[in-house]
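One letter stands for each residue in the lines below.
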Amino acid sequence: MLKFVKNHMETITGVEIYPVISLLIFFSFFVILFWWVITAKKDYINKVSNLPLDNQNTTEL
């Protein structure tokens, strides 16, 4: 199966750029996520972390 895919992919011109693009997208996503986590305000983190425990906004059926 891998031999079939490898031979098929070698016939496509410019296919060598796709792994580079995938790596850049993957790397940039996690760098941006890491930057957001580092720069997030403590008040916002506490507010969001307490949302599942907040019973004031729930309605009983």
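Throughout what follows, the structure given in this document is the object of discussion. (Residues numbered from 1 in each chain as written. Predicted model: local features only at pLDDT ≥ 70, side-chain atom pairs only at ≥ 80, totals over all residues. Heavy atoms only, no water.)

What follows covers the overall build of the protein. The helix and strand tally for the protein stands at three helices and zero strands. Tracing the protein from N to C terminus, the helices and strands come up as α-α-α. Here the C-alpha atoms of the protein give a radius of gyration of 23 Å, more than 25% beyond the 10 Å that 2.2 N^0.38 yields for 61 residues. Dimensions of the protein, computed from the C-alpha atoms along their principal axes, are close to 60 × 35 × 15 Å. Burial analysis of the protein (61 residues in total) assigns 2% to the buried set. Carbon together with sulfur atoms contributes 69% to the accessible area of the protein, which is approximately 6,500 Å² in total. One way to put it: in the protein the 5 positive side-chain charges average out to a point 8 Å from where the 5 negative ones average out. (Helix = DSSP H or I, 4+ residues; strand = E, 2+ residues; numbered from the N terminus. Rg over C-alpha atoms; globule rule 2.2 N^0.38 Å. Buried < 20%, exposed > 50% of the residue type's maximum accessible area, 1.4 Å probe, protein only. Areas by Shrake-Rupley, 256 points an atom, 1.4 Å probe, with all protein chains shown as cover. Lys, Arg positive; Asp, Glu negative; His and termini not counted. Charge placed at Lys NZ, Arg CZ, Asp CG, Glu CD.)

Next up on the list: the environment of valine 15. Tracing the sequence through the fold places valine 15 in the loop between α1 (2-10) and α2 (17-39). We classify valine 15 as buried; its relative accessible area is 17%. As for valine 15 and aspartate 54, which are separated by 39 residues in sequence, their C-alpha atoms are 51 Å apart.

On to the packing of aromatic side chains. As enumerated under the stated definition, the model contains three aromatic pairs in all. Clustering of aromatic rings is evident, with ring pairs tying together Phe26, Phe29 and Phe30. (Phe/Tyr/Trp six-rings, centres within 6.5 Å; stacked < 30°, edge-to-face > 60°.)

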